[in-house]
Amino acid sequence: MLIPNTPMVYTMIAIDPGSNITGVSRFDIDVRNKKILSIRTWRIDVNKLKNDTGLPEEMFSERMIRYYKLRNEFIRILHRENPHYVAYEGPFMNKLQPSAYGPLVSVMTILQDALVQYCPGNPFYITQPQQVKKAVGVAGKKGKGVIKEAIEKIPELMEALKAGQTKLDELDDNAIDSIAVGYSALKLDIYQGVP
């Protein structure tokens, strides 16, 4: 039996990917009214993670070992946070840095595989970089601080960050971008049908 006015909460993990630094946010959302109850945000510095991959360093590239270190950390996050789904910022083909696209696709693939192994029924929703910027109102704008400035102007996000005891000023760009990724997924209403 449902208790009136009691939130039905589900959890989303939002990811701003990178092979060295990855931003992660946990959103707790009330399904009944789509209100974001809290956001906790952090970053993963892959270079500081213990190498628990089991891959022999003499046989695998440093990049491959980084991917698997990130994968193992992501699996730990999945077990700890128990999300209903994952929102992920898809890779962007930058004409000025085309070589960055391949590693971003590799990171996406390996994290998607980790989610499938953790819980095959949990959705892995990929939102495009322009959708992320549009959701927070900075489509077409460039610069490191534009996402942070936009988030500061969205009361719903600032209240949820406060509830999650997350201080925006203490976060790096990757962690801040992961907030925008999660918000974009919510704005696109992709969680319909999520239990």
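Structural data are supplied above this passage.
Calculation rules
Residues numbered from 1 in each chain as written. Predicted model: local features only at pLDDT ≥ 70, side-chain atom pairs only at ≥ 80, totals over all residues. Heavy atoms only, no water. Salt bridge = Lys/Arg side-chain N within 4 Å of Asp/Glu carboxyl O. Helix = DSSP H or I, 4+ residues; strand = E, 2+ residues; numbered from the N terminus. Buried < 20%, exposed > 50% of the residue type's maximum accessible area, 1.4 Å probe, protein only. Axes fitted to C-alpha atoms, helices over the stretch in contact; angles between N-to-C directions. Left-handed = near helix turned anticlockwise from the far one by under 90°. Contact = heavy atoms within 4.5 Å. Nonpolar A, V, L, I, M, F, W, Y, C, P; charged D, E, K, R; others polar. Core = buried A, V, L, I, M, F, W, Y, C linked by side-chain atoms within 4.5 Å. Patch = residues over 30% accessible without salt bridge, like charges linked within 9 Å, V, L, I, M, F, W, Y side chains within 5 Å. Areas by Shrake-Rupley, 256 points an atom, 1.4 Å probe, with all protein chains shown as cover. Pairing = 2+ DSSP bridges.

Enquirer: So what exactly am I meant to see when it comes to the pattern of salt bridges here?
Expert: When charged atoms on two side chains of opposite charge get close, those side chains can pair. For the coordinates displayed, the defined rule picks out eleven salt bridges. Arg-26 is the partner of Glu-81 in a salt bridge, and the nearest nitrogen-oxygen pair spans 2.7 Å. One end of the pair, Glu-81, is in helix H1 (residues 62-81); the other, Arg-26, is in strand S2 (residues 21-30), and 55 residues separate them in sequence. Look at Arg-26 and you get buried, because its relative accessible area is 16%. Notably, a salt bridge pairs Asp-113 with Arg-71, separated by 3.7 Å at the nearest N-O pair. Here Asp-113 is found in helix H2 (residues 101-118), whereas its partner Arg-71 is found in helix H1, with 42 residues between them in sequence. Here Asp-113 falls in the partly exposed class, since its relative accessible area comes to 34%. What emerges from the salt-bridge pattern is a single network uniting Arg-26, Asp-28, Arg-40, Arg-80 and Glu-81.

Enquirer: I would appreciate a short explanation of the packing of H1 against H2 in the present structure.
Expert: Two quantities define a packed helix pair, namely the angle between the axes and the distance from one axis to the other. Close contact between H1 and H2 brings their axes to 9 Å; oriented N to C, the two are set at 35°. H1 and H2 meet at a crossing whose hand is right-handed. On the side of H1, the interface is formed by Arg-63, Tyr-67, Tyr-68, Leu-70, Arg-71, Phe-74, Ile-75, Leu-78 and His-79, while H2 contributes Pro-103, Ser-106, Val-107, Ile-110, Leu-111, Asp-113, Ala-114, Leu-115, Gln-117 and Tyr-118. Across the contact of H1 with H2, the residue classes break down as 13 nonpolar, three polar and three charged.

Enquirer: Honestly, the nonpolar core in this entry has me stumped. Any pointers?
Expert: A general feature of soluble globular proteins is that nonpolar side chains tend to end up buried together. The biggest cluster of nonpolar side chains holds 31 residues, and the ones touching the most others in it are Phe-27, Val-136, Ile-151, Leu-157 and Ile-179. Residue assignment for this core shows that the elements contributing at least two residues are strand S1 (9-16), S2, strand S3 (35-45), strand S4 (85-89), helix H3 (129-135), helix H4 (146-152), helix H5 (155-163) and helix H6 (173-187). Here the element with the most residues in this core is H6; it accounts for eight residues. Non-local contacts of Ile-151, meaning those with residues more than four positions away in its chain, are made with Val-136, Leu-157, Met-158, Leu-161, Leu-168, Ile-176, Ile-179 and Ala-180. Grouped together as the second largest cluster of nonpolar side chains are 21 residues, Ile-44, Val-86, Val-107 and Met-108 included.

Enquirer: What exactly am I supposed to notice about a nonpolar patch on the surface here?
Expert: The grouping of Met-59, Phe-60, Met-64 and Tyr-68 at the surface amounts to a nonpolar patch, some 370 Å² of accessible area in total. Positionally, Met-59 belongs in the loop between S3 and H1.

Enquirer: Would you mind going over the pairing of S3 with me for this structure?
Expert: Each regular strand displays side chains that alternate between the two surfaces of the sheet. Bridge analysis of S2 against S3 gives ten bridges, and the strand direction is antiparallel. Each bridged residue has a counterpart across the sheet, and for Ser-25 the counterpart in S3 is Thr-41.

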